[in-house]
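# Remarks on the overall topology
Given next are the chains, with one letter for each unit.
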Amino acid sequence: MNRPITLASGQFGDLPLEKLCRISSDIGYDGLELATHAHFNVYSALYKKEYIPFIKDTMEKYGLKCWTLSAHLTGQCVGDVWDPRLDAFAPSDLSGQPQKIRKWAIEEMKKTAEAACLLGVNTITGFTGSPIWAWWYSYPQTTPAMVEKGFQDIYDLWNPILDVFDQYHIRFALEIHPTEIAFDYYSTQRLLEIFDFRNTLGINFDPSHLVWQGVNELTFLRDFKNHIYHVHMKDVKINKNEKAGILGSHLPFGDTRRKWNFVSVGHGNVDFDGIIRELNLIGYQGPLSIEWEDTGMDRLAGMKESYQYVKKINFSPSETSFDSALKHQ
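This structure is a prediction, so every number in the text was calculated from the model and none was measured.

Looking only at helices and strands, one finds eleven helices and ten strands in the protein. Relative to a compact globule of 329 residues, whose C-alpha radius of gyration would be 20 Å, the protein shows 20 Å and is just as compact. Across its three principal axes, the protein shows a C-alpha extent of roughly 70 × 55 × 45 Å. Across the 329 residues in the protein, those meeting the buried criterion constitute 52%. Of all intrachain contacts in the protein linking residues separated by at least 6 positions in sequence, the fraction that spans at least 24 positions is 79%. When the accessible surface of the protein is summed, it comes to about 16300 Å², and 53% of that surface belongs to carbon and sulfur atoms.

Below you can see the structure in the form of structure tokens.
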């Protein structure tokens, strides 16, 4: 199959772009999903004429391409209710100033669409944030009106941003993820409905966030097939620990006492064979972007092994039925 295999750069933000390009190219990757908090600076892209050529030349030097930008951290600041953790996602001079952080994030997302256009990219992955995530467990009681207002708030915040995306012919692929307004099947359905299934808004399909919640990743992919704009290849392992619950016990990622942990592709419980078959059926030809988040494995080893796994499983659909030779006899 000719779907490109890319690497999400956000988890490698400590490496300079050229070094990451060299390592990725040596392994065999086709490109990078460039993160705006790591390897792609939106301000430089818009206001420094030499920056876009530098990005393109550096990637082309190693035979790599960019199909997608990632703006996860910026998007989180748009829709979230501020707490001190958001300070790390915004410019340091805005720390502790919720209104200024949100204003910055809204304008930065609009600028990211313009920068993506200059780079020749038509898809931006990211988060929306959520004003109601803290209420996911309905105690104290959460009313339907409170939930509906949360979705409406996201609509009011993001609709003007998506208008700018339309101006530059850019699609936004929301990663369905806990802490976002859409984090499982039904919240995704409600979000698409409130935006009246606007074409600009689609899904960055990452099965790892669905599986640990108990959502069938294949059913999700099948039912939302018309909205799949990008795919993250990331795995999650459900651990055999009868003491652990799915909420994580405030234990850090990688702690083997947890009920689940993100692991390198092929080491967990995600049905990647089924995913490839579903992607073949819907005709998805976009990137398979490996988002490596395995704290229990050496990073370079994980990059290599994940690429090899995805390359092997990235098969094409059959052009003929297996029993076609038995027909018309």
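A few words now on the sheet that holds strand E5 (residues 171–175). Here we have eight strands rolled up into a closed barrel, ordered E1-E2-E3-E4-E5-E6-E7-E10, and parallel in their pairing. Looking at each pair of strands side by side, their axes are set apart by 30 degrees on average, direction ignored. In this sheet, strand E4 (residues 123–126) lies alongside strand E3 (residues 65–70) in parallel orientation, the contact comprising three bridges. When the sheet's bridge partners are listed, Ser 70 is paired in E4 with Thr 125. Of the strands in this sheet, strand E6 (201–205), strand E7 (228–233) and strand E10 (288–290) are in contact with helix H10 (residues 272–282), which crosses E7 at around 160 degrees.

Packing of helix H1 (residues 17–27) against helix H11 (residues 299–313) brings their axes to within 10 Å, and their N-to-C directions diverge by 40 degrees. Taken together, the axes of H1 and H11 are oblique relative to one another. In this structure, H1 crosses over H11, and the sense of that crossing is right-handed. In contact with Leu 20, Ile 23, Ser 24 and Ile 27 of H1, H11 contributes Leu 300, Met 303, Lys 304 and Tyr 307. Grouping the amino acids of the contact of H1 with H11 by side-chain chemistry returns six nonpolar, one polar and one charged.

Turning to helix H7 (residues 185–194), a few remarks are in order. Every buried residue of H7 is listed here: Tyr 185, Ser 187, Thr 188, Leu 191, Leu 192 and Ile 194. Where H7 is buried, its residues meet helix H6 (144–167), E5, E6 and helix H9 (217–223).

Following the sequence through the fold, Arg 3 ends up in the segment before strand E1 (5–8). Of the side chains with opposite charge, Asp 30 lies nearest to the buried Arg 3, which makes no salt bridge, at 10.0 Å. Among the polar contacts made by the side chain of Arg 3, one reaches the side chain of Asn 314 at a distance of 3.0 Å. Excluding residues within four positions of it along the chain, Arg 3 makes contact with Ile 276, Leu 279, Asn 280, Tyr 284, Gln 285, Gly 286, Leu 288, Asn 314 and Phe 315.

Moving on, we come to the packing of H6 against H7. For the pair H6 and H7, interaxial distance at closest approach is 10 Å and the crossing angle is 50 degrees. On the basis of the axis angle, H6 is oblique to H7. The handedness of the crossing between H6 and H7 is right-handed. Across the interface between the two elements, Glu 148, Phe 151, Gln 152, Ile 154 and Tyr 155 from H6 touch Ser 187, Arg 190, Leu 191 and Ile 194 from H7. Among the residues forming the contact of H6 with H7, the class breakdown is five nonpolar, two polar and two charged.

A cluster of nonpolar side chains, Trp 136, Tyr 137, Tyr 139, Ile 246 and Leu 247, forms an exposed patch at the surface whose accessible area comes to about 650 Å². Mapped onto the secondary structure, Tyr 139 falls in the loop between E4 and H6.

Cut-offs used in this document
- Residue positions within a chain follow its written sequence, with the count starting from 1.
- A pLDDT threshold of at least 70 governs which residues receive local features in this predicted model, and a stricter bar of 80 or more applies before side-chain atom pairs are shown or counted, although totals over entire chains, interfaces and linings include all residues.
- As a rule here, side-chain values cover all heavy atoms of the structure and leave hydrogens and water aside.
- Strands are runs of DSSP state E lasting at least two residues, helices are runs of H or I lasting at least four, and both sets are numbered from the N terminus onward.
- To get the radius of gyration, use the C-alpha atoms; to get the globule rule, take the number of residues to the power 0.38 and multiply by 2.2 Å.
- Accessible area is worked out with a 1.4 Å probe on protein chains only. A residue is then buried under 20% of its type maximum, exposed over 50%, and partly exposed in between.
- Contacts are assigned to residue pairs that have any heavy atoms within 4.5 Å of one another.
- In short, Shrake-Rupley with a 1.4 Å probe defines the accessible areas, and a residue's cover is counted only from the protein chains shown.
- When DSSP finds two or more bridges between two strands, those strands count as paired.
- Think of each axis as a best-fit line through the C-alpha atoms, taken over the contacting stretch in the case of a helix, with angles from 0 to 180 degrees between the N-to-C directions.
- Comment on the angle field: the value is read as roughly parallel under 35 degrees, roughly antiparallel over 145, roughly perpendicular from 65 to 115, and oblique elsewhere.
- For any helix crossing, the convention is left-handed if the near helix is rotated counterclockwise from the far helix by under a right angle, and right-handed if that rotation is clockwise.
- Amino acids outside the nonpolar list (Ala, Val, Leu, Ile, Met, Phe, Trp, Tyr, Cys, Pro) and the charged list (Asp, Glu, Lys, Arg) are all regarded as polar, and Gly is one of them.
- A residue counts as positive if it is Lys or Arg and as negative if it is Asp or Glu; His and the chain ends are not included.
- The term salt bridge refers to a pairing of a side-chain nitrogen on Lys or Arg with a carboxyl oxygen on Asp or Glu at a separation within 4 Å.
- Two N or O atoms form a polar contact when they lie within 3.5 Å of each other; inside protein one atom must be a possible hydrogen donor and the other a possible acceptor, and for residues adjacent in sequence the pair counts only when both atoms belong to side chains.
- Residues enter a patch when their relative accessible area is above 30% and they make no salt bridge; the linking distance is 9 Å between like charges and 5 Å between nonpolar side chains (Val, Leu, Ile, Met, Phe, Trp, Tyr).

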